[in-house]
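Below are the chains, spelled out letter by letter.
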4 protein chains.
Amino acid sequence: MTNAVLGCNGNIIENQQFTDLDTNIFVMRTRFESELDLSSAESAWQKELARFQPELNIRATDQPLSTLILVSKESHCLRDLIYLTELKELNIAIPIVASNHKILQSFVESHGIRFEYLADSNKAKNEKQLTQIMDENKIDLIVLARYMQILSAEFCKENSGKIINIHHSFLPGFKGAKPYHQAHQRGVKIIGATAHFVTPELDEGPIIEQDVAHITHSASVEDMVALGRDIERRVLSKAVKLFAQDKIFQVGNRTVVFN
Amino acid sequence: MTNAVLGCNGNIIENQQFTDLDTNIFVMRTRFESELDLSSAESAWQKELARFQPELNIRATDQPLSTLILVSKESHCLRDLIYLTELKELNIAIPIVASNHKILQSFVESHGIRFEYLADSNKAKNEKQLTQIMDENKIDLIVLARYMQILSAEFCKENSGKIINIHHSFLPGFKGAKPYHQAHQRGVKIIGATAHFVTPELDEGPIIEQDVAHITHSASVEDMVALGRDIERRVLSKAVKLFAQDKIFQVGNRTVVFN
Amino acid sequence: MTNAVLGCNGNIIENQQFTDLDTNIFVMRTRFESELDLSSAESAWQKELARFQPELNIRATDQPLSTLILVSKESHCLRDLIYLTELKELNIAIPIVASNHKILQSFVESHGIRFEYLADSNKAKNEKQLTQIMDENKIDLIVLARYMQILSAEFCKENSGKIINIHHSFLPGFKGAKPYHQAHQRGVKIIGATAHFVTPELDEGPIIEQDVAHITHSASVEDMVALGRDIERRVLSKAVKLFAQDKIFQVGNRTVVFN
Amino acid sequence: MTNAVLGCNGNIIENQQFTDLDTNIFVMRTRFESELDLSSAESAWQKELARFQPELNIRATDQPLSTLILVSKESHCLRDLIYLTELKELNIAIPIVASNHKILQSFVESHGIRFEYLADSNKAKNEKQLTQIMDENKIDLIVLARYMQILSAEFCKENSGKIINIHHSFLPGFKGAKPYHQAHQRGVKIIGATAHFVTPELDEGPIIEQDVAHITHSASVEDMVALGRDIERRVLSKAVKLFAQDKIFQVGNRTVVFN
């Protein structure tokens, strides 16, 4: 690797490594500067590292990740992603937000972002529309920011490792309707959220980031819902930030996250 | 209440209140000093507060709670409870530890605590033995410190609000064998533990305390198990501490905890 | 209190109390609903509670707190406050943002908020301008969202209990220039932020909210600065949220916070 | 490194790396199993890695670190270290505890540990005594578990990188007497603790581990002191655990911690 960077007349800025001993996969992330253009740098790396047969992925950090956001009715995660993007804390560009509802259209457009309505109740047709949008906009990342539709197994497979979802989580988990009401009645002391890659098995993909917030007996159901929104948007934004920094690596059904 | 304290020639040292609006139950905890003996103080309180028909519970803080600990093979929670009791951080006395295994007998006895072996595989007989022990030792609190037997519904009901259990918890929950292996394969980023009152419905009682620890991809299954032990013992000891300070109130299926 | 609520034909929605034993001050926050208008309700309360000579403060929750935000060059705290206000998570209205720089003018105006430039290097004149703005807009709260000017002792006294400031904090504290560089060289593992009321003694006012973020050796100075921004804005927004919910009470040089 | 492990007929169990770009120091920790004895394994490593001129340190994990603990009057950190050692969660052996007070003698001896009284008020003489103890017991690590004496600059230098200290920390820091009283009067919402290597500059050595606990207005000074003890012992034990796992590397005045 050092030779590869030298071969680019480059300097290492950041470097992290991990060896996963379950799979014997070695994972490395290197941030470096070089006067070469991207494809020349890539060639230099390929040449130096070919004997290790790496899955090599080189990207220019001044090129934000093209990101498609899917939403339904709730805006808190979407707002946080747009806000942090405007603040330049997320290295992403958001050309399009798509939704199966029109509620958030004016909000999206007020930020200069194209809004795409997924009108049809025909899932296959909708996903075809999404695929077309993704091709046109060279989408690198799809974020389900409280998107309440289930994507088809085919769509999940085609975009494997590129779709991030968020959901709230309780200890213990509550089944059935109104999980917050159930959680309130049990008097849970913690509300959590999980960001994960989407796979054909619903909510079973590799976990990227999790966090919790503590609550007390004085929290009402409404307080819990508000806190749930807060922890959801923080965990999702953190996961997107890590993805946009190329700090997430999928190893088997787990993630290596250089946090 | 102020009148009651004045009626005892007393001073308030600590005072916390909460009104639960689901049940309209008003909860108050007052720590006060008085030269009266306990029963005289109790009479003064009863007299002043009779018109509110309170569920009044007065206790002398210099009288540690008599606590029975049940264990199986694992010692981490037991050790923490004994250690913190010796350090005088838990206001409890531990006259007896009972177990369905003999593994921890010498450890228990080395701390000057009587060890009771629950020899019989007959649950009813064991619980009769426990009840007798409890009567003889005026037990105020039973702590299941990784006790891997299920108590009968009758025993749970008889000792309602007096039995605290601990179990680890994941986000999401994992069913079936080897939960830590499953959690490792999904790459969970959080391990949690829950302390709760025991009710006839297994693991469904009011939650007292919950906490989590963060882990990264570099944690092995063994690291996760060790961290699980650590979070279990911390959460259980915290719950016992709160109970011994009379800071936990059961309101419906929830707890009010003056933490 | 119950009588006062009954006197308003009202229902209690939320109620919290605390007795501070250093000062013997009793603090209570009650959220209730009533068909009476605000001044009639206030009369009912005054009448019922007069004998306790309370410092009574009644407010309609549908009336957001009129908030003046002061900024300098950095926008992260301002953005978070505006964003959470738009999301209706902060019960405040922001009629005006004032600054000693023009950098954030267009951002502020794009959100439909009046921008006031504090042109003069004469502090007294600036504060006169601020006082006039406050009178015209019935300002209830002033937030120093990374405002890098020191307010005069007079201004602080006149607006005592109404000005909230945020600053980052390290363990240990670092004196002199470039605190983040110093903190990086010592390898601190935690970055903190403190929100407090402003008093004439710089950074010595009652603390409202504090939190920290954990960092590792792999964090660069830039990472630390970004994380510092993140924790600053979260702690400040939390403090403003608590203030706008009337959950903060000043007792001596401390705060009681019904969190 | 892989060659070195192969040269030992070994298997890698764990491996972590970090490149510090301030100093260009590359840090690596490898846990491996091998049938070779320690000195043969070391030779194999030296041979493979000689060209990188590494500061190589190979240790057998079944050999606990010989640890000298220094205490004064307070026992909470000492108890936690002994307790976790007995629980085999800390890979250390504690042959001796030394103190400038006799208060903890019987406690120490009841755990089968030799107690050494540092009788003399002559610091030089005491440190000579300590040095002799260290030689006799091949001490690898000195832990200051609330040891309230200042070690000489010479002693600190001689044992550089081998002495770990703990102290509580506030945000902000409080100077002068009774820091907990001052912190209570300011109403701090956080209490912290810092474990660090000891250098001749008091409390200025590289930081190993830091953590905080949250408190509310209802905490008394005594509650704060108790919580301070709790966070101190947790942070110190964590630092000792990391040290005993060889997970701490000193790079300049910072630490790299493979946590």
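Keep in mind that this is a model prediction, so the values were computed, not measured.

Draft legend 1. Local environment of the environment of Arg254 of chain B. With respect to the secondary-structure elements, Arg254 of chain B resides in strand E11 (residues 254-257). Here Arg254 of chain B falls in the buried class, since its relative accessible area comes to 7%. Measuring from C-alpha to C-alpha, the distance between Arg254 of chain B and Lys125 of chain B comes to 32 Å, with 129 residues separating the pair along the chain. Once you skip the residues sitting within four places of it in the chain, Arg254 of chain B turns out to touch His184, Gln185, Arg186, Gly187, His217 and Ala219 of chain A together with Asp20, Asp22, Pro206 and Phe249 of chain B.

Draft legend 2. View of the relation of the copies chain D and chain B. If you rotate chain D by 180° and push it 0.0 Å along the axis, it lands on chain B with an RMSD of 0.0 Å. On the angle and the small slide along the axis, the relation comes out as a two-fold axis. Taking the C-alpha atom as reference, chain D places Tyr83 of chain D closest to the rotation axis, 3.8 Å from it. The share of interface residues of chain D whose copies in chain B are also at the interface is 100%, consistent with both copies meeting through the same surface.

Draft legend 3. Structural view of the interface of chain D and chain B. Every contact between the two is made by 15 residues of chain D and, on the other side, 15 residues of chain B. Around 1,500 Å² of area is buried between chain D and chain B when both sides are counted, 41% of it from carbon and sulfur atoms. It is Arg79, Tyr83 and Glu89 of chain D in chain D that bury the most area against chain B; as a group they hold 35% of the surface buried on that side. Residue Arg229 of chain D is joined to Glu89 of chain B by a salt bridge in which the shortest nitrogen-to-oxygen separation is 3.3 Å. Sorting the residues of the side of chain D that touches chain B by element identifies helix H3 (76-86) and helix H8 (221-244) of chain D as the ones contributing at least two each. The greatest single-element share of the side of chain D that touches chain B, amounting to six residues, is contributed by H3 of chain D. Of the residues assigned to the side of chain D that touches chain B, the class counts are three nonpolar, five polar and seven charged.

Draft legend 4. Structural view of unusual backbone geometry. All names here are of chain A. Positive phi is not limited to glycine here, since Asn9 has a value of about 50°. Owing to a relative accessible area of 67%, Asn9 belongs among the exposed residues under this scheme. A positive phi is found at Gln53, a non-glycine position, where the angle reads about 45°.

Draft legend 5. Structural detail: the sheet that holds strand E6 (residues 141-144) of chain D. All names here are of chain D. One open sheet accounts for seven strands, arranged E5-E4-E3-E6-E7-E8-E9; its pairing is mixed. Sheet topology places strand E5 (114-117) and strand E9 (207-214) at the edges, where each strand pairs with a single neighbour. Looking at each pair of strands side by side, their axes are set apart by 25° on average, direction ignored. One ladder, built from seven bridges, connects strand E7 (residues 163-170) with strand E8 (residues 190-197); its direction is antiparallel. In the sheet register, His167 faces E8, and the bridge partner there is Thr194. The strands that H3 touches are strand E3 (65-71), strand E4 (92-99), E6 and E7; relative to E4, the one it contacts most, it runs at about 155°. Along the sheet face, helix H7 (residues 179-186) touches E7 and E8 and points at about 35° away from the line of E7.

Reading guide: rules and limits
- Residues numbered from 1 in each chain as written.
- Chains lettered and ligands numbered in written order.
- Predicted model: local features only at pLDDT ≥ 70, side-chain atom pairs only at ≥ 80, totals over all residues.
- Heavy atoms only, no water.
- Helix = DSSP H or I, 4+ residues; strand = E, 2+ residues; numbered from the N terminus.
- Buried < 20%, exposed > 50% of the residue type's maximum accessible area, 1.4 Å probe, protein only.
- Contact = heavy atoms within 4.5 Å.
- Least-squares fit on C-alpha atoms with pLDDT ≥ 70 in both.
- Buried area = accessible area lost by both parts, 1.4 Å probe.
- Salt bridge = Lys/Arg side-chain N within 4 Å of Asp/Glu carboxyl O.
- Nonpolar A, V, L, I, M, F, W, Y, C, P; charged D, E, K, R; others polar.
- Pairing = 2+ DSSP bridges.
- Axes fitted to C-alpha atoms, helices over the stretch in contact; angles between N-to-C directions.

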